[in-house]
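Structural description and commentary
For reference, the chains in residue letters:
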Amino acid sequence: YVDLDVNQSPFNVGRQVKLPGFELEQVEQLARGYGLDWADRERLMPLIKMVGGHPYLINLALDFLVHQQSVKLEELLKEAPTQGGIYGSHLRHHWDTLQRQPEVAGAMKQVVSSDGSVQLEPILAYKLESMGLIILVGDDAQPSCELYGQYFRDNL
């Protein structure tokens, strides 16, 4: 018998594919699908920048804007990196995960506290990148989006 890592599925075979975040055209198309037809398409850029084009987070924001028509995009973005914002549950989930792994939380704190990129130990960089909290440019780590940078700067 071969020893198996209980934390890794033996069925994870194949090629790893990294999906990029949505770009302006894709977000605009999704917004139109929700019935949001903004004449100024550049109005979507702050949302894309806030969440790094993350498809789930973009979708969550557009759905919220359609169903809470009294809330404007600017208000949504102002509250986004807070406990009371629409991403509060998502952010608390990541915060909870980091609290259970202090060394990973320390690495994330190092990333969000730095003005530039930071080099991390490979396993810590791998874990944070796997969570989607950072992106790696070569060996340099930086927050994957403003949402995570702002939230974890304030909460770690």
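Scroll up to find the structure.
What comes next is a walk through the structure. Small disclaimer: the values here were computed from a predicted structure and weren't measured. (Residues numbered from 1 in each chain as written. Predicted model: local features only at pLDDT ≥ 70, side-chain atom pairs only at ≥ 80, totals over all residues. Heavy atoms only, no water.)

1. Structural notes on helix H1 (residues 24–33)
Test applied: Note on exposure labels: buried denotes an accessible area under 20% of the residue type's maximum, exposed denotes more than 50%, and partly exposed covers the range between, all computed with a 1.4 Å probe on protein chains only. Only runs of H or I of at least four residues qualify as helices and only runs of E of at least two qualify as strands under DSSP, and these elements are numbered from the N terminus. Note that the arc is defined by the directions from the helix axis to the C-beta atoms. Contact definition: two residues touch when any of their heavy atoms are within 4.5 Å.
Along H1, the residues classified as buried are Leu24, Val27, Glu28 and Ala31. Along the axis of H1, the buried residues cluster in a sector spanning 100 degrees; they form a single face. In H1, the exposed positions that point more than 90 degrees away from the buried face belong to Gln29 and Gly33. Against helix H2 (45–51) and helix H3 (55–67) lie the buried residues of H1. Gly35 sits one or two positions beyond H1 and adopts a positive phi of about 85 degrees.

2. Concerning the environment of Glu146
Which entries qualify depends on this criterion: Under this definition, polar contacts are N or O atom pairs within 3.5 Å; protein pairs additionally need one hydrogen-donor-capable and one acceptor-capable atom, and for neighbouring residues in sequence, both atoms have to be side-chain atoms.
Locating Glu146 in the fold gives a position in helix H8 (residues 146–155). Under the relative-accessibility criterion, Glu146 is labelled partly exposed at 29%. Here the alpha-carbon distance between Glu146 and Ser114, two residues 32 residues apart in the chain, equals 13 Å. Setting aside chain neighbours within four positions, we find Glu146 in contact with Lys49 and Met50. Here Lys49 takes part through its side chain, which lies 3.5 Å from a polar atom of the side chain of Glu146.

3. Considering the pairing of strand E3 (residues 140–143)
Cut-off, in case you're wondering: One requirement defines pairing of two strands: DSSP has to find at least two bridges between them.
Bridge count between strand E1 (residues 118–119) and E3: two bridges; the pairing is antiparallel. Within the sheet, the bridge partner assigned to Val118 lies in E3 and is Ala141. Pairing geometry for strand E2 (residues 134–137) and E3, over four bridges, is antiparallel. Opposite Ile134, over in E3, you have Pro143 as the bridge partner. Where E2 folds back on E3, the antiparallel hairpin that results is connected by two residues, among which Gly138 adopts a positive phi of roughly 70 degrees.

Without other data, these values stay purely geometric and don't point to any function.
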